[in-house]
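# Geometric and topological summary
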Amino acid sequence: MMQFNFFLKLLRESFRDLLPIIIVILFFQLAIIQSVPEGWIGTAIGLGIVGVGLAIFLQGLEIGVFPVGEGLARDFAKSGWTTWILVFGFLIGFGTTIAEPALAVIADKAASISSGRIDSTILRFVVAGSVGFAILLGVFRIIKGHPIHYYIIIGYLLVVGVTFFAPKEIIGLAYDLGGVTTSTVTVPLVAALGIGLASNIKGRNPVIDGFGLIAFASLTPMIFVQIYGVFVYNFVEVKEVSDIVVKAVVSNPTQITLISVIEGLTNVVKDVLPILIIILFFQYAVLKKHIQNIKTVFLGFILVIVGLYAFILGLEMGLFSLGETMAYQLTKSESVLMIYAFAFAIGFSTTMAEPALMAIAKKAKEISDGKINDFALRLFVALGVAIGIALGAFRIVDGGHIHYYIIVGYLVVIILTFIAPKYIVPIAYDSGGVTTSTVTVPLVAALGIGLATNIEGRDPLIDGFGLIAFASLFPMITVMLYGILIEKFEVKSNTQIEKEELLKDTLIDADNMDLSTVNIDGSKVRHSLSLQFSAVVIIVPEDKRLDAIAAAHKAGATGVTVLRADGIGLEEMGNFYRTSFEANDVLLLFLLPQHLVNAVIKSIIHSLHITTTGKGVAFAFPLSHMKGISLTKEDIFREKAYQVNINKDDPMKCVGDEIEDGHDNSSQSTAVIK
C-alpha cells in the first residue's frame, strides 16, 4: 500500500512536470502558427502515456537502481579495493555509452562530415572510452578527496585549447557529444555510485564529494573527440563514402503495433543489459556477496525498463513530431524574436520533464537535508537550458563561431566556482550533463538543423550542431547562482528548522519545578524545557585529571567542576579504593543532558582503563530541578531526539549504548575489586 501511495505521488508530480510542455505547444501552435495540429488526439494520449511511464520509471529507480548502486559503493568502500572500484567505474561508463543509440546516429553523421576520415565505429569507441575514463577519474577524485573544481578547470582549459587546433567540421559535434553520452539510466546509477562512495569513505561529504561524476562524463568526450579529429584530419586520407544528408525533416507519429512494442522494449533492454551484467559480475564474482532484497531490486529494474519504454513511446506518439513540425515552421518564419522565444520556451519546458534531472534533484534534496529544494533546483536548471538554447539559436542566426561563446561561458563558470558555496558546485557541474537526454535532444536538434537549413550562408553540418553544448553549459551557471541565493537568503536545512522549532514555543518559566531552565548558547536568553539531566562523578588520581577531562570533552561534555577528593577506605569493607590521605585524588563533576551520559562514562573508563588496570571510580545519578545550566541549540535538539527514541523503545530493555564484546555497557555498574 505504501508503494502504491508513493506511485500516486510520483504520478501527480509527473503530470505537473508535463504541464509546461503542454502550455508551450498550445501557445505557439494556436497563437503563433494559428493552426490545429493533425493527430492532436494521439498527441494527448501520448502525453498521458509519458506521465504514467515517467512515474513508473522513477519508482523503479527508487527501489532498484539507487539501492543497488549505493550498496555496491558501500561494499567497495568497506573492502578497500581501490583498483576494483576504478575498474568498475570505467566499465560502467564504457559499457553504457558504447550501446547508446544517439551516439551511433551522431557517429554516422560524423563519418559523413569528415568525408570518411572519421570511422563511425572508432569514434564510438573513442567516446565510450572517454566516458569510462571520466567515471574512473571521478571515482579516483572521491577516494582521494580532491576538490572537484581543479579537475573541471583543467578540463575546460584542455577543451578550449584543443578547439583552436580542431577542424571546424567536428567542433560542434564534439561539444554536442559531451551532452548525449549520459543516458537516462546511466545518470542515476553513476550518481548513486558517487554518493555511496562519499557516504562510506571517512572524511568525505556526500554533498560536496558525491556529485561530479556526470560532469566528468560530459567533459572528456569533448576533449577526446577533438583530439581524434585533429589526428584524422592530418593523417587520414579522404575516402569515398555515401553521404548522410542532414535536413530538418518532420517525423511521423509512431503507430503502435505488437511488433513495435516488442522492438521498443528490446531496444530499452539492450540499453539496460550492459549495466545489469556489470553489476552482477562485480556483485557476485568480485565482492562475492548476494544482493539484498534481490526480488525488489529486479522488480525495480523491470519498472525502469517498462517506464522508460512507455516514456519514449508516449513522446514518439506525437510530441516529437509535433515539436519538430513547430520548430521547422518557425525557422521558416521572418520573426527572429519568435524563434528565440520558442527556443527559450521549449528548452525550459522539456528540461522540467527530464527524468534524469528529476532523479538527480531528488538525490540532492535528500543528502542536503532539504537545504537544496528539488523543485527549485530543477527550475534553475531549466532556466539555464532555456537561456543556453536561445543564445545558441542566436549564434546560428548571427553566424558567430561557437567556441567564442563556449570560452566566455567557461570563464563565467570558473569565476562562479570560487564564489558559490562549496556544496552546490559539484551539483552544478552535474546539472550540465543531465539536461540533454531523452526529451530535450530530439527537439533541440530539430530546431538547430532547421535554422541552419533555412538561413542563407549557414551549413547544417557545421552550424546546425552545438545547441546541446549550450544547453549543457548554462545550467552550471544558473545552479551556482541558485546556491549563492540559498546562502544570501539563509535557507535552512530540515534539521536546522527542526532545532529552531524546538525553542519556538518554549516559555520563560523559571518557577516551574517540573521544567529545566537553561541558557541558550551561553547567552542571556533563557528557556524552560522538559529535559532530563544526570550528574556524572569521576574520582581519579590527580595525574589522570587532564586525561579524564579530555576524554569527556571528546565524548561531548562542555564543562566540568573539579573538586579535591581526599578519603580513606574502611578495613571492614570488602570493596574500597583509597587507603590514605596521601592519595591526592580529584573528583570531576559533570552535569550532562541524559543523551551524553553513557558516551562520557564510556570514553573516560576506556581512556583511563578504570575497569581493567587503571584506578578510579565512575558513577552517575539522575538530577531534578535543574536551573541555570548553559546548553547549545544542538544539545537541546539531541536531547529531545534522544528522549523520543527512548520512548519508542521497549521499557524493559536496557537503555544505553550497545554492549561491546559481551560485557561493556555504561548503564551497568562495574566494580573494581582490590
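Here, the structure is the one placed above.
Residues numbered from 1 in each chain as written. Predicted model: local features only at pLDDT ≥ 70, side-chain atom pairs only at ≥ 80, totals over all residues. Heavy atoms only, no water.

To continue, consider the environment of glycine 370. Take glycine 370: it is sitting in the loop between α13 (355-367) and α14 (374-398). A C-alpha to C-alpha distance of 8.4 Å links glycine 370 and threonine 495, two positions 125 residues apart in sequence. Beyond its immediate chain neighbours, meaning those up to four positions away, glycine 370 contacts Lys365, Lys492, Ser493 and Asn494. (Helix = DSSP H or I, 4+ residues; strand = E, 2+ residues; numbered from the N terminus. Contact = heavy atoms within 4.5 Å.)

It is worth spelling out the sheet that holds strand β7 (residues 627-631) at this point. Taking strand neighbours across the sheet as the criterion, the 3 strands line up as β2-β1-β7 in an open arrangement whose pairing is mixed. Unpaired on one side and paired on the other, β2 (526-529) and β7 mark the two borders of the sheet. Between one strand axis and the next, the sheet turns by 40° as a mean value, whatever way the strands run. (Pairing = 2+ DSSP bridges. Axes fitted to C-alpha atoms, helices over the stretch in contact; angles between N-to-C directions.)

Our next topic: helix α6 (residues 148-163). Helix length check: α6, at 16 residues, gives a terminal C-alpha distance of 23 Å against a target of 22 Å (1.5 Å per residue), a fit within 8%. Inspection of α6 places Ile148, His149, Tyr151, Ile152, Ile153, Gly155, Tyr156, Val159, Val160, Val162 and Thr163 among the buried residues, and these make up the whole buried set. (Expected span 1.5 Å × (residues − 1). Buried < 20%, exposed > 50% of the residue type's maximum accessible area, 1.4 Å probe, protein only.)

A word on the pattern of salt bridges. All told, the structure shown has 6 salt bridges when counted by the stated rule. For aspartate 75, the salt bridge identified is with lysine 289, shortest N-O distance 3.1 Å. On the criterion of sequence distance, the pair formed by aspartate 75 in helix α2 (residues 40-79) and lysine 289 in the loop between α10 (258-286) and α11 (294-331) is long-range, its members being 214 residues apart. Residue glutamate 366 is joined to lysine 363 by a salt bridge in which the shortest nitrogen-to-oxygen separation is 3.4 Å. Of this pair, glutamate 366 and lysine 363 both sit in helix α13, 3 residues apart, roughly one helical turn. (Salt bridge = Lys/Arg side-chain N within 4 Å of Asp/Glu carboxyl O.)

This brings us to the side chain of aspartate 75. Judged by its relative accessible area of 11%, aspartate 75 falls in the buried class. There is a polar contact of 3.1 Å between the side chain of aspartate 75 and the side chain of lysine 289. Apart from residues lying up to four places away in sequence, aspartate 75 is in contact with Gln283, Leu287 and Lys289. (Polar contact = N/O pair within 3.5 Å; in protein donor to acceptor, adjacent residues only side chain to side chain.)

On to the sheet that holds strand β4 (residues 561-564). Sheet architecture is open: 4 strands sit in the order β4-β5-β3-β6, paired in antiparallel fashion. Bordering the open sheet on either side are β4 and β6 (617-623), each of which pairs with just one other strand. Taking each pair of neighbouring strands and ignoring which way they run, the sheet shows an average axis angle of 20°. Pairing of strand β3 (residues 533-541) with β6, which is carried by 7 bridges, proceeds in the antiparallel orientation. Considered in β6, the bridge of isoleucine 538 is made with alanine 618. Helix-sheet contacts for helix α21 (residues 594-608) involve β3, β5 (585-593) and β6, and the interaxial angle to β5 is about 150°.

Turning our attention to empty space enclosed by the protein. Summed over the entire model, instances satisfying the criterion amount to 2 cavities of 30 Å³ or more. Considered as a void within the structure, the largest cavity measures approximately 190 Å³ in volume. Lining the largest cavity are 18 residues; nearest its centre among them are Ser218, Met222, Tyr410, Ser472 and Met476. Elements supplying a minimum of two residues to the lining of the largest cavity: α6, α7 (168-180), α9 (213-235), α15 (402-419), α16 (425-434) and α18 (467-488). Its residues assigned to classes, the lining of the largest cavity shows 12 nonpolar, 6 polar and no charged. (1 Å grid on protein atoms, 1.4 Å probe; cavity = no way out; pocket = protein on both sides within 12 Å on 5 of 7 lines; lining within 4 Å. Points joined across faces, edges and corners; volume = space filled by probe spheres on them. Nonpolar A, V, L, I, M, F, W, Y, C, P; charged D, E, K, R; others polar.)

The element β5 is extensively covered by neighbouring structure, given that 7 of its 9 residues are classed as buried. Bridge count for β3 against β5 is 9 bridges, and the pairing is antiparallel. Paired with phenylalanine 533 across the bridge in β5 is proline 593. Bridge count between β4 and β5: 4 bridges; the pairing is antiparallel. Bridging from a neighbouring strand, valine 562 pairs with leucine 588 of β5.

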